[in-house]
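This is what each chain is made of:
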Amino acid sequence: MAINLQKGQREAIHAPKFTIGLGWDTNSSSTGSAFDLDASVFILGDNKRLVADEYFVFYNNLKSPDGSVEHTGDNLTGAGDGDDEQVKVDLSKADAKVSEICIVVTIHEAEARKQNFGQVRNSFIRIFDAETGADILKYELEEDFSIETAVEFGRIYKKDNNWKFEAVGAGMKGGLQDYLTKYQ
């Protein structure tokens, strides 16, 4: 039975191997342009910075050097039900320097296309068992991000040698470069 989380809630992750599913629906009729949302993963050390540049996993770098995080690829349209993008995680492979995995979704060319997360609905992040497909945790973002063009959906972090998930739901007016600047 999946645990449905509220913003700020934290829950232990007892499975070292799982998949993160991210989903959303967009209202492209409001801008006339198609939406392209992108999931990115920032793998951080204790200093809240990328362990190394290669630990930024996104559509142009699909796998972390230690093999612990693998992005399954960019979905350019977000069409259909269910997950729009997925990230496979195997915490048993995580480099000893890794203490946090931050999951962010940005809108590609948001400023040029005049798009923001206020035009995106039914956003969620879920963690599920890849073998059974059963949800472990799910967080549905309910905030109205009317000016934000990027949202940190959640983070997985290590505390006392145990891994936990936090439902973050924090928006930012900016894009992928702003998150890179924050975490490099």
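Conventions and cut-offs
- Residues numbered from 1 in each chain as written.
- Predicted model: local features only at pLDDT ≥ 70, side-chain atom pairs only at ≥ 80, totals over all residues.
- Heavy atoms only, no water.
- Pairing = 2+ DSSP bridges.
- Helix = DSSP H or I, 4+ residues; strand = E, 2+ residues; numbered from the N terminus.
- Axes fitted to C-alpha atoms, helices over the stretch in contact; angles between N-to-C directions.
- Patch = residues over 30% accessible without salt bridge, like charges linked within 9 Å, V, L, I, M, F, W, Y side chains within 5 Å.
- Areas by Shrake-Rupley, 256 points an atom, 1.4 Å probe, with all protein chains shown as cover.
- Salt bridge = Lys/Arg side-chain N within 4 Å of Asp/Glu carboxyl O.
- Lys, Arg positive; Asp, Glu negative; His and termini not counted.
- Charge placed at Lys NZ, Arg CZ, Asp CG, Glu CD.
- Buried < 20%, exposed > 50% of the residue type's maximum accessible area, 1.4 Å probe, protein only.

1. Digging into the sheet that holds strand β9 (residues 120-128)
1) Next: Spatial strand order, β1-β10-β9-β3-β7-β6: six strands in an open sheet with mixed pairing. Two strands in the sheet have a free side with no partner beyond their single neighbour: β1 (3-5) and β6 (69-71). Taken over all neighbouring pairs, the strand axes of this sheet differ in orientation by 15° on average, direction set aside.
2) Next: Bridge analysis of β6 against strand β7 (residues 85-90) gives three bridges, and the strand direction is antiparallel.

2. Structural notes on a positive patch on the surface
1) Next: Positive charge collects at one region of the surface, where Lys 17, Lys 63, Lys 88 and Lys 93 lie side by side.
2) Next: For Lys 17, the location among the structural elements is in strand β3 (residues 17-26).

3. Section: the sheet that holds strand β2 (residues 10-12)
1) Next: A sheet is described by the order of its strands in space; here six strands give the open sequence β2-β12-β11-β8-β4-β5, paired in antiparallel fashion. Edge positions in the open sheet fall to β2 and β5 (56-57), since each of these has one partner strand only.

4. Concerning the pattern of salt bridges
1) Next: Enumeration according to the criterion identifies nine salt bridges in this entry.
2) Next: The salt bridge involving Arg 126 is made with Asp 83; its shortest N-O contact spans 2.8 Å. Of this pair, Arg 126 sits in strand β9 while Asp 83 sits in the loop between β6 and β7, and the two are 43 residues apart along the sequence. One exposure class covers both Arg 126 and Asp 83, and it is buried.
3) Next: Several salt bridges converge on common partners, so that one network encompasses Arg 10, Lys 48, Glu 100, Arg 155 and Glu 166.

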